[in-house]
Amino acid sequence: MNIRALLVVAVVALSGIGGALAQSVSFGQSRLEVVSGDGRHHPFAVELASTEEQLSQGLMFRKSLAADAGMLFDFGRSRDVAMWMKNTLIPLDMLFMDRTGKVVYIEEYAVPGTLQPRGPSEPVLGVLEVAAGTARRLGLHAGDRVLHPMFAAGR
């Protein structure tokens, strides 16, 4: 087998591993609302990531994300967080929330595949990832609020 054929086999095998990994992690489902500064409520159907395996997997290997869908990362306690786009195929907006659900930072149009860390300089309890352009389309800003049971306890 020549080098070119071997490289093709390796890439296909690694693609299969990535696809298998994406299929092996399951996520809970939930609904939340983002309340913008003008009082409008924006509903989203989200997948929940709270275990180490789910937090590590996130939206990796996904090829699309509906306009009203996303993933909510629950870190269990407020902590410093940096997110990156390793193995993420679609551009995303990331909303970082404190323990009360207040949006403290928004990263718009995160580029797929980059390892550049993103996040605020203060601890957060959660991150909401949505399709790129959502924050701009809905007029979302720091100071807006995410309504979801994970913020009810004010951890």
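Check the entry above for the structure.
Here is a short report on the structure shown in this document. Worth saying up front: this structure is predicted, and the values here are computed from it rather than measured.

Definitions and cut-offs
- Residues numbered from 1 in each chain as written.
- Predicted model: local features only at pLDDT ≥ 70, side-chain atom pairs only at ≥ 80, totals over all residues.
- Heavy atoms only, no water.
- Pairing = 2+ DSSP bridges.
- Helix = DSSP H or I, 4+ residues; strand = E, 2+ residues; numbered from the N terminus.
- Axes fitted to C-alpha atoms, helices over the stretch in contact; angles between N-to-C directions.
- 1 Å grid on protein atoms, 1.4 Å probe; cavity = no way out; pocket = protein on both sides within 12 Å on 5 of 7 lines; lining within 4 Å.
- Points joined across faces, edges and corners; volume = space filled by probe spheres on them.
- Salt bridge = Lys/Arg side-chain N within 4 Å of Asp/Glu carboxyl O.
- Core = buried A, V, L, I, M, F, W, Y, C linked by side-chain atoms within 4.5 Å.
- Buried < 20%, exposed > 50% of the residue type's maximum accessible area, 1.4 Å probe, protein only.
- Contact = heavy atoms within 4.5 Å.

A look at the sheet that holds strand S3 (residues 69-79)
Reasoning step 1: Ordered by their spatial adjacency, seven strands build an open sheet running S5-S4-S6-S3-S2-S1-S7, and the pairing between neighbours is mixed. The open sheet has two free edges, formed respectively by strand S5 (103-110) and strand S7 (145-147), since each of these has just one partner strand. Each adjacent strand pair in this sheet contributes to an overall mean axis angle of 30°, direction not counted.
Reasoning step 2: Bridge analysis of strand S1 (residues 28-35) against strand S2 (residues 41-49) gives eight bridges, and the strand direction is antiparallel. The residue of S2 that forms the bridge with leucine 32 is phenylalanine 44.

Some thoughts on the layout of surface pockets
A probe matching the size of a water molecule, rolled over the atoms, marks out where space remains unfilled.
Reasoning step 1: What the largest pocket holds in volume is close to 350 Å³.
Reasoning step 2: What lines the largest pocket is a set of 20 residues, and nearest its centre among them are Leu55, Ser56, Phe73, Met83 and Trp84.

Observations regarding the pairing of S5
Reasoning step 1: Where strand S4 (residues 92-97) lies against S5, five bridges are found, and the strand directions are antiparallel. Looking across to S5, one finds that leucine 95 is bridged to isoleucine 106.
Reasoning step 2: The turn linking S4 back onto S5 is made up of five residues, and glycine 101 within it adopts a positive phi angle of 95°.

Let's talk about unusual backbone geometry
Outside of glycine, negative phi angles account for most residues, and trans bonds account for most peptide bonds.
Reasoning step 1: Positive phi is not limited to glycine here, since phenylalanine 61 has a value of about 70°.
Reasoning step 2: The backbone phi angle of asparagine 87 is positive, close to 60°, even though this residue is not glycine.

Comments concerning the pairing of S2
Reasoning step 1: Between the end of S1 and the start of S2, which pair antiparallel, lie five residues, with glycine 39 showing a positive phi angle near 90°.
Reasoning step 2: The pairing of S2 with S3 spans five bridges and is parallel. If you follow alanine 49 over to S3, its bridge partner there is phenylalanine 73.

Some words on the pattern of salt bridges
Reasoning step 1: Evaluated as defined, the whole model comprises four salt bridges.
Reasoning step 2: The residue arginine 40 makes a salt bridge to aspartate 38 at a minimum N-O spacing of 2.8 Å.

Describing the nonpolar core
Across soluble globular proteins, nonpolar side chains have a tendency to be buried as a group.
Reasoning step 1: Formed by 22 residues in total, the largest nonpolar core has its most connected members in Phe73, Met83, Phe96 and Val127.
Reasoning step 2: Elements with a contribution of two residues or more to this core: S3, S4, S5 and strand S6 (124-131).
Reasoning step 3: Per-element accounting of this core gives the leading share, four residues, to S3.
Reasoning step 4: Counting residues in hydrophobic clusters, the runner-up holds 18 residues, among them Val34, Val46, Leu128 and Ala135.

Re the side chain of threonine 134
Reasoning step 1: As for its position among the elements, threonine 134 is in helix H3 (residues 134-138).
Reasoning step 2: Residues contacting threonine 134, with those up to four places away along its chain left out, are Phe44, Ala67 and Asp93.

A short note on the environment of leucine 140
Reasoning step 1: Along the polypeptide, leucine 140 turns up in the loop between H3 and S7.
Reasoning step 2: In this structure the C-alpha to C-alpha distance between leucine 140 and aspartate 38, which are 102 residues apart in sequence, comes to 9.6 Å.
Reasoning step 3: Among residues more than four places away in sequence, those in contact with leucine 140 are Val34, Ser36, His42, Leu95, Ile106 and Ala135.

Quick notes on the environment of tryptophan 84
Reasoning step 1: By the secondary structure assignment, tryptophan 84 is in the loop between S3 and S4.
Reasoning step 2: By relative accessible area, tryptophan 84 is classed as partly exposed at 45%.
Reasoning step 3: Distance from tryptophan 84 to glycine 119, taken between C-alpha atoms, is 9.1 Å for residues 35 residues apart in sequence.
Reasoning step 4: Every residue in contact with tryptophan 84, bar those within four places of it in the chain, is listed here: Thr114, Leu115, Gln116 and Arg118.

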